[in-house]
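As a plain string of letters, each chain reads:
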Amino acid sequence: MIKKVLIANRGEIARRIIRTCKQLGIQTVAVYSDADQNALFKNDADEAYHIGPSQVQQSYLQLDNIIGVAKQTNADAIHPGYGFLSESPAFAERCREENITFIGPQADILRLMGSKIEARKAMIEAGVPVIPGTDRAVGSAEEAVRFAEEIGYPVMLKASAGGGGIGMEVVHSADELKKAFENNSKRAASFFGDGAMFLEKHIQNSRHIEVQVLADHHHHTVHLFERECSIQRRNQKVLEEAPSPSISEQLREELGRTAVIAAEAIHYTNAGTIEFLVDESEQFYFLEMNTRIQVEHPITEEITGIDIVKEQISIANNQVLSFKQEEIVRKGHAIEVRIYAEDPVRFLPSPGKITALELPEGKDVRNECAVTSGDTVTPFYDPMIAKLIVYGEKRKEAINSLEEALRQFNIEGIKTNIPMLQEIITYEAFLKGNTQTSFLSKYYQPNSGGN
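If you're wondering where the values come from, they're calculated on a predicted model, not measured in any experiment.

Focus: the overall build of the protein
Here is step 1 of the chain: Check the secondary structure of the protein and you find 15 helices and 20 strands.
Here is step 2 of the chain: At 21 Å, the protein has a C-alpha radius of gyration in line with the 22 Å of a compact globule built from 451 residues.
Here is step 3 of the chain: C-alpha extents for the protein along the principal axes are approximately 55 × 50 × 45 Å.
Here is step 4 of the chain: For the protein, the proportion of its 451 residues judged to be buried stands at 57%.
Here is step 5 of the chain: Per element, the accessible surface of the protein, about 18,700 Å² overall, is 46% carbon and sulfur.
Here is step 6 of the chain: Here the protein contributes 48 positively and 64 negatively charged side chains, and the mean placements of these two sets differ by 2 Å.

Structural data, given as structure tokens:
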């Protein structure tokens, strides 16, 4: 049984993992960079160790340093959170070699699903619908143009090893595609060490729906229903809700069933998310699989009552899932918004010192926050500093709670995207649940002052 967990991450997700570990009586070890000397997550853990300079390449991506701390502290498990090394096959493999439990899937699964091209092939073999596109890496801009002309514009250009919207771009013509191919290939090579690109038909007016799955080592796989994640900026999610307000019960059941089939087909274990695009006729397509815990996992926890981090640890302990699919009950509605330290007009990061911070309170309000008053938001990491989650018996109640919570959320010294979030939830399209992936580009105009 796991007795001590090293959290190979930072910020709010590190705090979230530590909280569940404490509830389970598991000792925790934090690792931190120069920039996180005074971070809240460092103080939450039972032990904390410095692993390098502020730059991620020299700290949170330093596999050897993290493994070294785990061995030094006799940590018998590592939870990678999301981002950083969470989907690194090399990290998972190294943990196995060092006899440290990696709280996540096996390295070969990370490798398979980490390649969007190979993931497509696996899903096709499993009978899961995929978006029409290339079945291999496209070798040049000219080849990309030839394929795009076959399937028709617009097309979505994607990095095979990409994530977080990096290396993705919708293109509408050959000239656009030639320019986008070179730029995105270079960017993907820089971020992921792999510049391989592929193409998919761009599904217009689509919705982004994802399904949370849990799978143990004893051939039991379940889904925890879906999340609506269509409100995005630059392919990065801004607001998520569960359940989706925009799909039929028939599609809901089919998505859940398909997600389980997909996970079982690749012998998946631990927590994962199958992401789909859904078109206007409710035809759905596999998009990708995230082989880790998701930023937006709290809304699933709120509507099911299941602690996903606890289940991750239980699965890593080789325990059987304590519930069957028919025992998982969906109740109420939950919404999450991501609070970014950024200018809500220009969308540029807003580093600086937080001079005041007051978090909203209430029985249906949940805060996952990485900072406090007096902290400095640095330019070294993702600008997301908090997540605000609200719950209601009905969607309307959740929206009302969110509106009040955003009004209570007071942060001074830096700019945040709170004004944008406050405006989004007043739009008629949002209130009706008509949240397609084009939502922000279609409706949101900075400083527009209304609907």
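Text resumes after the structure shown.
Quick look at the pattern of salt bridges
Here is step 1 of the chain: A full pass over the atoms with the stated rule returns 37 salt bridges.
Here is step 2 of the chain: Each member of the salt-bridge network shares a partner with another, and the members are Arg 16, Arg 19, Glu 301, Glu 302, Asp 307, Arg 366 and Glu 368.

A word on the sheet that holds strand S17 (residues 365-369)
Here is step 1 of the chain: The eight strands lie next to each other as S13-S12-S9-S10-S11-S14-S19-S17, forming an open sheet whose pairing is antiparallel. Across the chains shown, the open sheet's two edge strands, defined by having one partner strand only, are strand S13 (284-290) and S17. Neighbour to neighbour, the strand axes of the sheet diverge by 25° on average, direction disregarded.
Here is step 2 of the chain: Where strand S11 (residues 236-242) and strand S14 (residues 333-340) come together, four bridges link them in antiparallel fashion. Within the sheet, the bridge partner assigned to Ala 242 lies in S14 and is Ala 334.

Considering helix H7 (residues 141-151)
Here is step 1 of the chain: Residues Ala 141, Glu 143, Ala 144, Val 145, Phe 147 and Ala 148 constitute the buried set of H7.
Here is step 2 of the chain: As for H7, its buried residues are in contact with strand S6 (155-159), helix H8 (174-192) and strand S8 (197-201).
Here is step 3 of the chain: Just downstream of H7 lies Gly 152, where phi reads positive at about 90°.

Considering helix H3 (residues 63-72)
Here is step 1 of the chain: Every buried residue of H3 is listed here: Leu 63, Ile 66, Ile 67, Val 69 and Ala 70. One side of H3 carries all its buried residues, which in axial view fall inside an arc of 155°.
Here is step 2 of the chain: Considering only its buried residues, H3 is in contact with strand S1 (4-7), strand S2 (27-33), strand S3 (47-52), strand S4 (77-79) and helix H4 (89-97).
Here is step 3 of the chain: Downstream of H3 by one or two residues, Asn 74 has phi in the positive range, about 60°.

Remarks on the packing of helix H1 (residues 11-23) against helix H11 (residues 308-316)
Here is step 1 of the chain: Interaxial distance between H1 and H11 falls to 9 Å at its minimum, and their mutual angle equals 65°. Classified by the angle their axes make, H1 and H11 are roughly perpendicular. Two packed elements cross with a definite hand, and for H1 against H11 that hand is right-handed. Here H1 contributes Arg 16, Ile 17, Thr 20 and Cys 21 to the contact with H11, which in turn contributes Ile 308, Val 309, Lys 310 and Ile 313.

Concerning the environment of Ala 35
Here is step 1 of the chain: Assignment of secondary structure puts Ala 35 in the loop between S2 and helix H2 (40-44).
Here is step 2 of the chain: Sequence spacing of Ala 35 and Ser 54 is 19 residues, and the spatial spacing of their C-alpha atoms is 5.0 Å.
Here is step 3 of the chain: Other than its neighbours up to four places away in sequence, Ala 35 contacts Ser 54, Thr 378, Phe 380 and Tyr 381.

Let's talk about the pairing of S6
Here is step 1 of the chain: When you tally the buried positions in S6, you get five out of five residues, the bulk of the element.
Here is step 2 of the chain: Every second residue of S6 is oriented toward a common face, with Val 155, Leu 157 and Ala 159 on one face and Met 156 and Lys 158 on the other, all of them buried.

Some thoughts on the packing of aromatic side chains
Here is step 1 of the chain: In this structure the tally under the stated criterion is ten aromatic pairs.
Here is step 2 of the chain: When the centroid spacing of 5.1 Å and the interplanar angle of 10° are considered together, the rings of Tyr 60 and Phe 84 count as stacked. A residue pair is termed long-range when its members are at least 10 positions apart, and Tyr 60 in the loop between S3 and H3 and Phe 84 in the loop between S4 and H4 qualify at 24 residues.
Here is step 3 of the chain: Ring plane angle 50° and centroid distance 5.0 Å describe the contact between Phe 439 and Tyr 443, whose orientation is recorded as tilted. Pair noted here: Phe 439 and Tyr 443 are both in helix H15 (residues 439-443), with a separation of four residues, about one helical turn.

Rules behind the numbers
Residues numbered from 1 in each chain as written. Predicted model: local features only at pLDDT ≥ 70, side-chain atom pairs only at ≥ 80, totals over all residues. Heavy atoms only, no water. Helix = DSSP H or I, 4+ residues; strand = E, 2+ residues; numbered from the N terminus. Rg over C-alpha atoms; globule rule 2.2 N^0.38 Å. Buried < 20%, exposed > 50% of the residue type's maximum accessible area, 1.4 Å probe, protein only. Areas by Shrake-Rupley, 256 points an atom, 1.4 Å probe, with all protein chains shown as cover. Lys, Arg positive; Asp, Glu negative; His and termini not counted. Charge placed at Lys NZ, Arg CZ, Asp CG, Glu CD. Salt bridge = Lys/Arg side-chain N within 4 Å of Asp/Glu carboxyl O. Pairing = 2+ DSSP bridges. Axes fitted to C-alpha atoms, helices over the stretch in contact; angles between N-to-C directions. Contact = heavy atoms within 4.5 Å. Arc of directions from axis to C-beta. Parallel < 35°, antiparallel > 145°, perpendicular 65-115°, else oblique. Left-handed = near helix turned anticlockwise from the far one by under 90°. Phe/Tyr/Trp six-rings, centres within 6.5 Å; stacked < 30°, edge-to-face > 60°.

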